[in-house]
Amino acid sequence: MAEPIRLDYVVPGDDFTRAGEASADLKSRLKSLGFPPAAIRRAAIALYEGEINLAIHAGGGRITVALTPERIEMALDDEGPGIPDIALAMSEGYSTAPDEVRSLGFGAGMGLPNMKKYTDEFSIASTVGEGTHIRMAVLTAG
Amino acid sequence: MGEFFHSVTLDRELCMGCTNCIKRCPTGAIRVRDGKAAINPERCIDCGECIRICPHHAKKAIYDPLEVIERFEYTVALPAPALCAQFNNLEDPDLMLSALRGLGFDEVYEVASAAELVSEATRRYLARPDVAKPVISSACPAVLRLIRVRFPGLLDHLLPLIAPVELAARIAKRRAAQRTGLAPEQIGAVFISPCPAKVTAMRMPLGNERSALDAVVAIKEVYPRLLGLMKTAPVEPLSTTGRIGLGWGESGGEAAGLISTERYLAADGIENVIRVLEDLEDEKLGELDFVELNACSGGCVGGVLTVENPYIARVKLKLLRRYLPVSRNHLPEQAEERLRWDAGMEYQPVLELGSDASESFARYSEMQRILAALPGLDCGGCGAPSCKALAEDVVRGEAAVEDCVVLIRERMEAVLRALRIDPGDPHRTR
């Protein structure tokens, strides 16, 4: 049994251009670990969406990844403003992104829906004023 | 893995064992071992970056000498669109094509003409409803090989059509056979190439079982001889290409030649290409129909076998194309099927750490332990491009941690201290 691999990333809240570093790093590691291309792609897309959310909405946050040959688990935790209505935030096209973010091509309201769509397991918990916690997993056999 | 042929090779005599090439290689294919560079044939994509960077000219491309035409009864020269862009004040492609015949070729058929047919086939392919968008151009052989080793998730986006030079070789040989009655093997289709990767593509084709090309001669080899002949050779009306065909010689030309869509992107230069492929893989680039990628800056005019500065070459190409008709070659109905690849394109997982998940995981953990002990300077002194690459080589059993010159120096200093010798002045004991 291979020992699980743990990766830690910090997404800064003040430098929007650095969002994407964690997903790029994860992708290259998954490739060298021999994960199936389809699983790599789904994990990278989901994590990238998560990074963008942390940078835009949460003022930064932490990402913890745990890898086994069967699972890519990703945990995203922040101490941002929280999401008042999760069901609404999960609906495609809903966005609270400010205009300057939208002008960069982000904020289309597809972040959370895409994270759910590209992963096999997805859960979200959020408390207004305290932060948001997302757990998602991509199964390599799936 | 079978045998490998690569056009890009090393001249061991000239190699000084410096670190320029290992740092530049986009697939991490080069290491310096025993004072000389060594290219890993599984990883090399023939992009030519090491040829560009090597200050000692120890990296070179293998191609055929012009004398190769003596091997055939009948020869057809297939000039790349980039060839037209090498000359000053060339206003008529016929001047250059006539000089090319003067070199001893029986016939000339422009790759640009075949490129117009590929443009048309691409247009029809893009119109199909079942196509994975964006479609990624497959004409640059170095990009094709890069995708095959680094971007498996994008393989199904590749345009599954043969490259213009391959189509040109097929057309030229068929026509020459009809005209002369000779057997195909007596006819030589000779590409006049800006690009070493095309030499590799001829010997080890991707996408199709075998190449119709018989030889690849470098633009820089024929260039000086053409200069002379262009002054003397009688000019014949040989050119059959339009603006779209010649446009393939520069970055953006293939995509612009599609006309049917404006939703395209063209990136050139291997680093830019990699950045675009990473973003495509992550679906960051929005709704595009077509992506044109060229490993060389400026496109094919930037190939390492060319003569002219690629930016000047682009200006020359633009001037030459100015008064040409848009396109002079048209594909018959349903003929696009004949341009389809006849072999699959499979992922080559040469960057994986192990042969299966458990080996990869074990090696990964070991690699992290080694990496933590390395200095993190990425100095290249060990012969690997970075500390991470050295750690990877160690777990693969191809290098030792002791190859790290910084670690060795630290250990030596520790030994000297233990012996109470001053490392700054070994003759004096403390």
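Quantities reported herein were computed from a predicted structural model and do not represent experimental measurements. (Residues numbered from 1 in each chain as written. Chains lettered and ligands numbered in written order. Predicted model: local features only at pLDDT ≥ 70, side-chain atom pairs only at ≥ 80, totals over all residues. Heavy atoms only, no water.)

Draft legend 1. Region of the structure containing the overall build of chain A. Secondary structure assignment for chain A yields five helices and five strands. Seen in sequence order, chain A has helices and strands lined up from the N terminus as β-α-α-β-β-α-α-α-β-β. Along the first, second and third principal axes, the C-alpha atoms of chain A reach 45 × 30 × 25 Å. Intrachain contacts of chain A at a sequence separation of at least 6 include 64% that bridge at least 24 residues. Total accessible area on chain A is roughly 6,600 Å²; 53% of this is exposed by carbon and sulfur atoms. Averaged over its 13 positive side-chain charges, chain A has a centre that lies 7 Å from the centre of its 20 negative ones. (Helix = DSSP H or I, 4+ residues; strand = E, 2+ residues; numbered from the N terminus. Contact = heavy atoms within 4.5 Å. Areas by Shrake-Rupley, 256 points an atom, 1.4 Å probe, with all protein chains shown as cover. Lys, Arg positive; Asp, Glu negative; His and termini not counted. Charge placed at Lys NZ, Arg CZ, Asp CG, Glu CD.)

Draft legend 2. Focus on the overall build of chain B. Tallying secondary structure elements over chain B gives 15 helices and eleven strands in all. Its C-alpha atoms give chain B a radius of gyration of 25 Å, near enough to 22 Å, the size a compact globule of 430 residues would have. The principal-axis extents of the C-alpha atoms in chain B amount to approximately 85 × 50 × 40 Å. In chain B, buried positions account for 57% of the 430 residues. Across chain B, every contact between residues at least 6 apart in sequence was considered, and the portion connecting residues at least 24 apart equals 77%. In chain B, the 52 positive side-chain charges and the 60 negative ones have mean positions that sit 3 Å from each other. (Rg over C-alpha atoms; globule rule 2.2 N^0.38 Å. Buried < 20%, exposed > 50% of the residue type's maximum accessible area, 1.4 Å probe, protein only.)

Draft legend 3. Region of interest: the environment of valine 111 of chain B. Residues and elements named next belong to chain B. Secondary-structure assignment places valine 111 in helix α4 (residues 111-126). A sequence separation of 137 residues divides valine 111 from tryptophan 248, and the C-alpha atoms of the two residues are 9.4 Å apart. In this structure valine 111 touches Leu78, Pro79, Ala80, Pro81, Pro164, Val165, Ala168 and Phe191, once residues within four positions along its chain are discounted.

Draft legend 4. Inspection of the sheet that holds strand β6 (residues 107-108) of chain B at higher detail. All names here are of chain B. Strand order in the open sheet formed by four strands is β6-β5-β8-β9, and the pairing between neighbours is parallel. Of all strands in the sheet, those bounded by a partner on one side alone are β6 and β9 (215-218). Inspection of the sheet shows strand β8 (residues 187-193) paired to β9 by four bridges, in the parallel sense. The residue of β9 that forms the bridge with valine 190 is alanine 215. Here helix α8 (residues 219-232) sits on the sheet and contacts β8 and β9; the angle it forms with β9, its principal contact strand, is near 60°. (Pairing = 2+ DSSP bridges. Axes fitted to C-alpha atoms, helices over the stretch in contact; angles between N-to-C directions.)

Draft legend 5. Layout of the interface of chain A and chain B. At the junction of the two partners, chain A supplies 20 residues and chain B supplies 23 residues. Across the interface of chain A and chain B, roughly 2,000 Å² is buried in total on both sides, 56% from carbon and sulfur atoms. Among the residues chain A hides against chain B, the three largest losses belong to Lys31, Leu33 and Arg41 of chain A. Together they make up 31% of the total. Where chain A touches chain B, the interface holds five salt bridges. The partner of glutamate 283 of chain B in a salt bridge is arginine 41 of chain A, with the nearest N and O atoms 3.5 Å apart. (Buried area = accessible area lost by both parts, 1.4 Å probe. Salt bridge = Lys/Arg side-chain N within 4 Å of Asp/Glu carboxyl O.)

Draft legend 6. Region of interest: the packing of aromatic side chains. Scanning the entire structure with this criterion turns up two aromatic pairs over all chains. When the centroid spacing of 5.9 Å and the interplanar angle of 55° are considered together, the rings of phenylalanine 35 of chain A and phenylalanine 361 of chain B count as tilted. Pair noted here: phenylalanine 35 of chain A is in the loop between α1 (21-32) and α2 (37-56) and phenylalanine 361 of chain B is in helix α13 (residues 357-373), and the two residues belong to different chains. An identical accessibility class is assigned to phenylalanine 35 of chain A and phenylalanine 361 of chain B; each is buried. Here the aromatic rings of phenylalanine 87 of chain B and tyrosine 223 of chain B are separated by 5.3 Å at their centres, their planes lie at 25°, and the arrangement is stacked. Taken together, the residues phenylalanine 87 of chain B in the loop between β5 (74-79) and α3 (93-102) and tyrosine 223 of chain B in helix α8 connect sequence positions 136 residues apart. As far as burial versus exposure is concerned, phenylalanine 87 of chain B and tyrosine 223 of chain B are alike and both buried. One Lys or Arg, arginine 203 of chain B, reaches over the ring of phenylalanine 5 of chain B and ends 4.2 Å from the middle of that ring. The ring of tyrosine 48 of chain A carries lysine 284 of chain B above its face, with NZ or CZ at 4.0 Å from the centroid. (Phe/Tyr/Trp six-rings, centres within 6.5 Å; stacked < 30°, edge-to-face > 60°. Lys NZ or Arg CZ within 6 Å of the ring centre and 35° of its normal.)

Draft legend 7. Just the environment of glycine 17 of chain B, in detail. Residue and element names in this part refer to chain B. Along the chain, glycine 17 falls in the loop between β1 (8-10) and α1 (20-24). The exposure class assigned to glycine 17 is partly exposed, which follows from its relative accessible area of 21%. On a C-alpha basis, the gap between glycine 17 and alanine 38 in space is 9.5 Å, while along the polypeptide they are 21 residues apart. Residue contacts for glycine 17: discarding those within four places in its chain leaves Val32 and Gly35.

Draft legend 8. Summary view of α4 of chain B. Here α4 of chain B is 16 residues long and its end C-alpha atoms lie 22 Å apart, about the 22 Å a rise of 1.5 Å per residue gives. Of all 16 residues that make up α4 of chain B, 14 are buried, and the element is covered over most of its length. (Expected span 1.5 Å × (residues − 1).)

Draft legend 9. A look at the pairing of strand β2 (residues 30-33) of chain B. Judged from the four bridges that link them, β2 of chain B and strand β3 (residues 36-39) of chain B form a sheet pairing that is antiparallel. Residue pairing for β3 of chain B: valine 32 of chain B is matched across the bridge by alanine 37 of chain B.

Draft legend 10. Broad picture of the packing of α2 of chain A against helix α5 (residues 111-118) of chain A. All names here are of chain A. α5 packs onto α2 with a crossing angle of 155° between their chain directions and a minimal axis gap of 9 Å. The angle between α2 and α5 places the two elements in the roughly antiparallel class. The interaxial crossing formed by α2 with α5 has left-handed handedness. Contact with α2, carried on its side by Arg42, Ile45, Ala46, Glu49, Gly50 and Asn53, involves Gly111, Leu112, Asn114, Met115 and Tyr118 of α5 and no other residues of that element. Looking at the contact of α2 with α5 residue by residue, the class counts come to five nonpolar, four polar and two charged. (Parallel < 35°, antiparallel > 145°, perpendicular 65-115°, else oblique. Left-handed = near helix turned anticlockwise from the far one by under 90°. Nonpolar A, V, L, I, M, F, W, Y, C, P; charged D, E, K, R; others polar.)

Draft legend 11. The side chain of glutamate 308 of chain B, seen in detail. All names here are of chain B. Take glutamate 308: it is sitting in the loop between β11 (290-294) and α12 (310-321). Of the polar contacts made by the side chain of glutamate 308, one reaches the side chain of lysine 316; its length is 2.5 Å. Among residues more than four places away in sequence, those in contact with glutamate 308 are Ala85, Gln86, Asn88, Val301, Ala313 and Lys316. (Polar contact = N/O pair within 3.5 Å; in protein donor to acceptor, adjacent residues only side chain to side chain.)

Draft legend 12. Inspection of the state of the cysteines at higher detail. Residue and element names in this part refer to chain B. Following the criterion strictly, the structure yields zero disulfides over all chains and no others. Counting only cysteine sulfurs, cysteine 21 is the nearest neighbor of cysteine 15, a cysteine outside any disulfide, at a range of 6.4 Å. Here cysteine 25 stays free of any disulfide, with the sulfur of cysteine 47 as its closest cysteine sulfur at 6.1 Å. (Disulfide = S-S within 2.5 Å.)

Draft legend 13. Spotlight on the pairing of β5 of chain B. Residue and element names in this part refer to chain B. Along β5, six of the six residues are buried, which leaves the element largely enclosed by surrounding structure. Burial along β5 is two-sided: Tyr74, Val76 and Leu78 and Thr75, Ala77 and Pro79, pointing in opposite directions, are all buried. The pairing of β5 with β8 spans six bridges and is classified as parallel. If you follow leucine 78 over to β8, its bridge partner there is phenylalanine 191. Two strands pair when backbone bridges link them, and β5 and β6 are joined in this way by two bridges, in the parallel orientation. Following the sheet pairing, alanine 77 is matched in β6 by valine 108. Note on the crossover from β5 through α3 to β6: the handedness is right-handed. (Right-handed = clockwise from strand over helix to strand, strands pointing away.)

Function cannot be inferred from these measures alone, as they are strictly geometric.
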